[in-house]
Amino acid sequence: MQIIAENLAIDRGGRTVIDGLSFTVPSGETLVLSGSNGAGKTTLLRAVAAFLPLTRGSIRLEDGDGEKSLSEQAHVVGHANAAKANLTVAENLAFWSRFLASKPPSGGRVAAALEHFGLAGLADFPVAFLSAGQRRRAGLARLLAVDRPIWLLDEPTASLDAASSDLLSRAVNLHTHAGGIAIVATHLPLALDRARELNLDKLRHAA
Amino acid sequence: MTAFFALIKRDLRLAFREGGALGTALGFFVVVVALMPLGLGPDLKLLSRIASGVLWIALLLSALLSLGRMFETDYEDGSLDVLATGAVPLELVAAAKSIAHWLSTGIPLAVLAPILGILLNLDLAAFPMLVAAMLIGTPAVSFLGAVGAALTLKARRGGLLLALIVLPLYIPTLIFGISALSAALGPDAAGGSASSLMILTAISLVAAVLGPVAAAAALRIQLH
């Protein structure tokens, strides 16, 4: 399985944010997107998730599940956590499991996801009562609760402390070792194995 | 279909746990109808003549109040992005959210309507028809409302814009909702209101098919 992007151009609000970008992310690898503010990290991730139209070029998934589109096989984690304040952590996770996998969640998987991100003791608390870092972890737990081969993470470490960032790096490493693909936009260096960096600033200077 | 029903269930749970949207809609409905007799004076004949129109218009305005939140909360907390990557297409996401809106707003408003009918001296013979017409007509309110809610998602203070887009679409529902009631009080009660109810059903069914398609198209643009 691999994601192949060829000769991409993406416009946003009439401005060409990304021009002439090509990359390949094979199974088992992490692509780390770096670059200054406004370099186009979020734009690129949203284009891979098929939220944004491409002005030119193509993004395709090779050897994936042919019946599903790339975005149906992907987890997207954006700046917001997609966790409802009035539902408990466990209810949020159980909902996303049902919605994203379209089958009843296995209790063990949801519990393991909560355990990994250190939320086991908070499972029955409404998200409204959690701290910003805990909410972020509640959002990230979705990655482990539902099995999807592609992870698209936009600044996943926002409001996480060092220990929680390590939990995230471990989750991403486990995912890629199991043959998954991850594309991560981040400012902070994460301890990721088999990661390749794509600096969007350099691309712009080259162009 | 698990995903579809999971979304309806989540939205219903949120509606009842938060309570704000439902409470506002019901409260607004009661207040608007209660103000009518105060404004128009104690002429019982006049009130019973305009009762069905007042109830329907008040119902549409009350439902409108909660429409704005249909996609807004999901957009604000990032859920909309994740909903767009689900196992069901966005059309079904919009349909599920419209159904949840109908169950949590349309039905409570329709059930409350007869109680308010008493305030307006509505003929008791019209009460069953009032509830029936409102239950059949309100799905169109939610499904067409979803289109407006999706279109005005990113508009700041989009509430008024939403009303301008959506209220004209409610005219057929309003006309046949009222005609079902006036027929029920006329000489040929059964025949006259049956045809109005059938047209109301048709409007709701068409809205249930077209509304989610249009709303999903609008949501895809909002994801940009």
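Let us look at the structure shown here. (Residues numbered from 1 in each chain as written. Chains lettered and ligands numbered in written order. Predicted model: local features only at pLDDT ≥ 70, side-chain atom pairs only at ≥ 80, totals over all residues. Heavy atoms only, no water.)

## Concerning unusual backbone geometry
Negative phi characterises most residues that are not glycine, and trans characterises most peptide bonds. Of note, A:S159 is a non-glycine position whose phi angle comes to about 60 degrees, a positive value. As for its position among the elements, A:S159 is in the loop between strand 6 (150-154) and helix 5 (162-177). On the accessibility criterion, A:S159 (48% relative accessible area) is partly exposed. With a phi angle near 60 degrees, B:N121 is a residue other than glycine that sits in the positive phi range. Mapped onto the secondary structure, B:N121 falls in the loop between helix 6 (90-119) and helix 7 (127-151). (Helix = DSSP H or I, 4+ residues; strand = E, 2+ residues; numbered from the N terminus. Buried < 20%, exposed > 50% of the residue type's maximum accessible area, 1.4 Å probe, protein only.)

## A few points about the nonpolar core
Counting residues in hydrophobic clusters, the biggest one holds 137 residues, and the most contacted among them are A:F23, A:L44, A:F99, A:I183 and B:F29. Among the elements that make up this core, the one with the highest residue count is helix 7 of chain B (12 residues). (Core = buried A, V, L, I, M, F, W, Y, C linked by side-chain atoms within 4.5 Å.)

## Some details on the pairing of strand 6 of chain A
All names here are of chain A. Counting buried positions along strand 6 gives five out of five residues, so the element sits mostly inside the fold. Side chains of strand 6 alternate between two faces, with I150, L152 and D154 and W151 and L153 buried alike. Strand direction decides the pairing type here: strand 5 (residues 74-77) and strand 6, joined by four bridges, are parallel. Counted as the bridge partner of H75 is W151 from strand 6. (Pairing = 2+ DSSP bridges.)

## Re the interface of chain B and chain A
Contact residues are listed per partner, giving 28 residues for chain B and 28 residues for chain A. Note on chain B versus chain A: buried area summed over both sides is about 2,400 Å², and carbon and sulfur give 63% of it. Where chain B meets chain A, there are five salt bridges. For the salt bridge of B:D81 with A:R46, the shortest nitrogen-to-oxygen distance reads 2.8 Å. (Contact = heavy atoms within 4.5 Å. Buried area = accessible area lost by both parts, 1.4 Å probe. Salt bridge = Lys/Arg side-chain N within 4 Å of Asp/Glu carboxyl O.)

## Describing the packing of aromatic side chains
Residue and element names in this part refer to chain A. Within this structure, the stated rule accounts for four aromatic pairs over all chains. One aromatic cluster is present, built from ring pairs that chain together F95, W96 and F99. Lying across the ring of W96, R142 places its NZ or CZ 5.8 Å from the centre. (Phe/Tyr/Trp six-rings, centres within 6.5 Å; stacked < 30°, edge-to-face > 60°. Lys NZ or Arg CZ within 6 Å of the ring centre and 35° of its normal.)

## Remarks on the sheet that holds strand 2 (residues 15-26) of chain A
Residue and element names in this part refer to chain A. Judged by pairing direction, the sheet is antiparallel, and its three strands sit side by side in the order 2-1-4 without closing on themselves. Every other strand in the sheet has two partners, leaving strand 2 and strand 4 (56-62) as the edge strands with one partner each. For this sheet, the mean inter-axis angle between neighbouring strands, taken without regard to orientation, is 15 degrees. Here strand 1 (residues 2-12) runs beside strand 4; their pairing, made up of six bridges, is antiparallel. (Axes fitted to C-alpha atoms, helices over the stretch in contact; angles between N-to-C directions.)

## A closer look at the side chain of B:S62
Counting through the fold element by element, B:S62 comes out in helix 3 (residues 44-67). With sequence-adjacent residues up to four places away left out, B:S62 is seen in contact with B:A25, B:F28, B:F29 and B:L109.

## Concerning helix 9 (residues 171-185) of chain B
Helical geometry note: an α-helix holds 3.6 residues per turn, so side chains three or four residues apart project in the same direction. For helix 9 of chain B, spanning 15 residues, the distance from its first C-alpha to its last is 22 Å, which sits close to the expected 21 Å at 1.5 Å a residue. Listed as buried for helix 9 of chain B are B:T173, B:L174, B:G177, B:A180, B:L181, B:A183 and B:A184. (Expected span 1.5 Å × (residues − 1).)

## Some points on the packing of helix 4 (residues 69-76) of chain B against helix 6 of chain B
All names here are of chain B. Relative to each other, helix 4 and helix 6 sit at 125 degrees, their axes nearing to 10 Å. Judged on the interaxial angle alone, helix 6 and helix 4 are oblique. Residues M70, F71 and D74 of helix 4 pack against A94, K97, S98 and H101 of helix 6. For the contact of helix 4 with helix 6, a count of residues per class yields three nonpolar, two polar and two charged. (Parallel < 35°, antiparallel > 145°, perpendicular 65-115°, else oblique. Nonpolar A, V, L, I, M, F, W, Y, C, P; charged D, E, K, R; others polar.)

## Considerations on a nonpolar patch on the surface
All names here are of chain B. Together, F28, I57, L61 and L65 make up a nonpolar patch on the protein surface, roughly 310 Å² of accessible area in all. The leading source of residues in the nonpolar patch is helix 3, at three residues. By the element assignment, F28 lies in helix 2 (residues 20-40). (Patch = residues over 30% accessible without salt bridge, like charges linked within 9 Å, V, L, I, M, F, W, Y side chains within 5 Å. Areas by Shrake-Rupley, 256 points an atom, 1.4 Å probe, with all protein chains shown as cover.)

## Looking at the pairing of strand 7 (residues 181-185) of chain A
All names here are of chain A. The buried fraction of strand 7 amounts to five of the five residues, a majority that puts the element mostly inside the structure. Side chains I181, I183 and A185 of strand 7 all project onto a buried face; the interleaved residues A182 and V184 project onto the opposite face, where all are buried too. The pairing of strand 3 (residues 30-34) with strand 7 spans four bridges and is parallel. Bridge pairing links V32 to V184 in strand 7. Note: strand 6 against strand 7, five bridges, orientation parallel. Paired with L153 across the bridge in strand 7 is V184. Each parallel crossover has a hand, and the one from strand 6 via helix 5 to strand 7 is right-handed. (Right-handed = clockwise from strand over helix to strand, strands pointing away.)

## Quick word on the packing of helix 6 of chain B against helix 7 of chain B
All names here are of chain B. Taken N-terminus to C-terminus, the directions of helix 6 and helix 7 make an angle of 150 degrees; their axes are 8 Å apart at the nearest point. In terms of axis orientation, helix 6 runs roughly antiparallel to helix 7. You can see that helix 6 and helix 7 cross each other, and the crossing is right-handed. On the side of helix 6, the interface is formed by A95, S98, I99, H101, W102, G106, I107, A110, A113, P114, G117 and I118, while helix 7 contributes F127, L130, V131, M134, L135, T138, P139, S142, F143 and A146. Residue composition of the contact of helix 6 with helix 7, grouped by class: 16 nonpolar, six polar and no charged. (Left-handed = near helix turned anticlockwise from the far one by under 90°.)

Honestly, that's just the spatial picture; any functional story needs more than this.
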